[in-house]
Amino acid sequence: MPTFIWHLPKNPYLNWVYGCPPVEYPDGRVAMKVGGTAWKAADVGNSVEDLSAWFKSGGDEVEQKVLEEVLLQQLMPGLRTLSLSRKPCVVSFTAHGRPYIDAVDGDRCLSTARVFVATGGCGAAAKSSDEIGRLAALMVVHGRWPSSDMDSSAFRAVYARKGKTQSSFSSP
């Protein structure tokens, strides 16, 4: 089964849903990750305490019910499940809307860098997290951007310094 993203323009609650292929875990359990974005996101706050409470809460029950309906009635009506569970998540957004995959330790070039960042963000990284991790791992091990068909500048980390937003250093 491929990863999917499905836009739901007529759904009153969800804007879109995504799903990742089923994974078999060492205990023999098979699970498929499904998630989505509500038209109006829940306000979970910004403090450490707020986020901690959100993650401990079990998440949005309405969102789970709507996701179940979309998954089991519209997208995969023949799917039989043994159980369903929900886990809350939060979404962070990058300055350019793409993952950050970059070295971030000052003016070092990639071949001598020691501090790296690989973060998905933007509400769409679950489906591509394996590839984000693979690119980052190859960059760390080989000291260079590992892809010839994707420009590294598209994934450059952007951070705030002295009140200004800046891209990290340029790599050779």
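What you see is a predicted model; the values in this text were computed from it and never measured. (Residues numbered from 1 in each chain as written. Predicted model: local features only at pLDDT ≥ 70, side-chain atom pairs only at ≥ 80, totals over all residues. Heavy atoms only, no water.)

Q: Go over the overall build of the protein chain, please, and point to the residues and values.
A: Check the secondary structure of the protein chain and you find three helices and nine strands. Counting helices and strands in the order they occur from the N terminus, the protein chain gives β-β-β-β-β-α-α-β-β-α-β-β. For the protein chain, buried positions account for 29% of its 172 residues. Within the protein chain, contacts between residues separated by at least 24 positions form 49% of all contacts whose residues are at least 6 apart in sequence. Within the structure as shown, the protein chain displays about 11500 Å² of accessible surface, and the carbon and sulfur contribution to it stands at 54%. Computing the positive centroid from 19 side-chain charges and the negative centroid from 17, the protein chain places the two 4 Å apart. (Helix = DSSP H or I, 4+ residues; strand = E, 2+ residues; numbered from the N terminus. Buried < 20%, exposed > 50% of the residue type's maximum accessible area, 1.4 Å probe, protein only. Contact = heavy atoms within 4.5 Å. Areas by Shrake-Rupley, 256 points an atom, 1.4 Å probe, with all protein chains shown as cover. Lys, Arg positive; Asp, Glu negative; His and termini not counted. Charge placed at Lys NZ, Arg CZ, Asp CG, Glu CD.)

Q: Tell me about the nonpolar core, and please be specific about residues and values.
A: Formed by Ile101, Ala103, Leu110, Ala113, Ala125, Ile132, Leu135, Ala136, Met139, Trp145 and Phe155, the largest nonpolar core amounts to eleven residues. Those elements giving two or more residues to this core turn out to be strand S6 (100–103) and helix H3 (129–142). Counting residues per element, this core draws most heavily on H3, at four residues. With residues up to four places along the chain from it excluded, the contact list for Phe155 reads His96, Arg98, Pro99, Tyr100, Ile101, Asp102, Trp145 and Met150. With nine residues, the next largest nonpolar core counts Phe4, Val17, Val66 and Met76 among its residues. (Core = buried A, V, L, I, M, F, W, Y, C linked by side-chain atoms within 4.5 Å.)

Q: Kindly report on the pattern of salt bridges, identifying the contributing residues and their values.
A: Going through the model one piece at a time under the given rule, you end up with four salt bridges. Taking the shortest distance from any N to any O, the salt bridge between Asp27 and Arg29 comes out at 3.9 Å. Residue Asp27 is classed as exposed on the basis of its relative accessible area, which comes to 59%. The partner of Glu131 in a salt bridge is Arg134, and the shortest N-O contact between them spans 2.7 Å. Of this pair, Glu131 and Arg134 both sit in helix H3, three residues apart, roughly one helical turn. When its relative accessible area of 33% is taken as the criterion, Glu131 is described as partly exposed. Of the residues examined, Arg134 reaches a relative accessible area of 41% and is grouped as partly exposed. (Salt bridge = Lys/Arg side-chain N within 4 Å of Asp/Glu carboxyl O.)

Q: I'd like a rundown of the packing of aromatic side chains, residues and numbers included.
A: For the structure shown, the criterion picks out two aromatic pairs. An angle of 45 degrees between the planes, with centres 5.9 Å apart, marks the rings of Trp16 and Tyr18 as tilted. Residue Trp16 is classed as buried on the basis of its relative accessible area, which comes to 17%. By relative accessible area, which is 12% here, Tyr18 ends up buried. Ring geometry for Trp145 versus Phe155: centroids 5.5 Å apart, planes at 20 degrees, classification stacked. Here the residue Trp145 occupies a position in the loop between H3 and strand S8 (158–161), and Phe155 occupies one in the loop between H3 and S8, the gap between them amounting to ten residues. By relative accessible area, which is 14% here, Trp145 ends up buried. Classification of Phe155 as buried rests on a relative accessible area of 11%. Above the ring of Tyr25, the side-chain terminus of Arg29 is found at 4.5 Å from the ring centroid. (Phe/Tyr/Trp six-rings, centres within 6.5 Å; stacked < 30°, edge-to-face > 60°. Lys NZ or Arg CZ within 6 Å of the ring centre and 35° of its normal.)

Q: Describe the confidence of the model for the protein chain, listing the residues and the values that go with them.
A: For the protein chain, mean pLDDT is 84; residues scoring 70 or higher make up 92% of the total. Low confidence marks residues 167–172, where pLDDT is under 50. Its contacts with residues over four positions away, or in another chain, come to 24 contacts. (pLDDT = per-residue confidence, 0-100.)

Q: Could you give an account of helix H2 (residues 61–75), with specific residues and numbers?
A: If you check H2, its first and last C-alpha atoms are 20 Å apart, about what 15 residues at 1.5 Å a residue would give, namely 21 Å. Buried within H2 are the following residues: Gln64, Val66, Leu67, Val70 and Leu71. Across the axial projection of H2, the buried residues extend over an arc of 165 degrees, all falling on one side. Projecting away from the buried face of H2 at angles above 90 degrees are the exposed residues Glu61, Lys65 and Gln73. Where H2 is buried, its residues meet strand S1 (4–7), strand S2 (14–19) and strand S5 (34–38). (Expected span 1.5 Å × (residues − 1). Arc of directions from axis to C-beta.)

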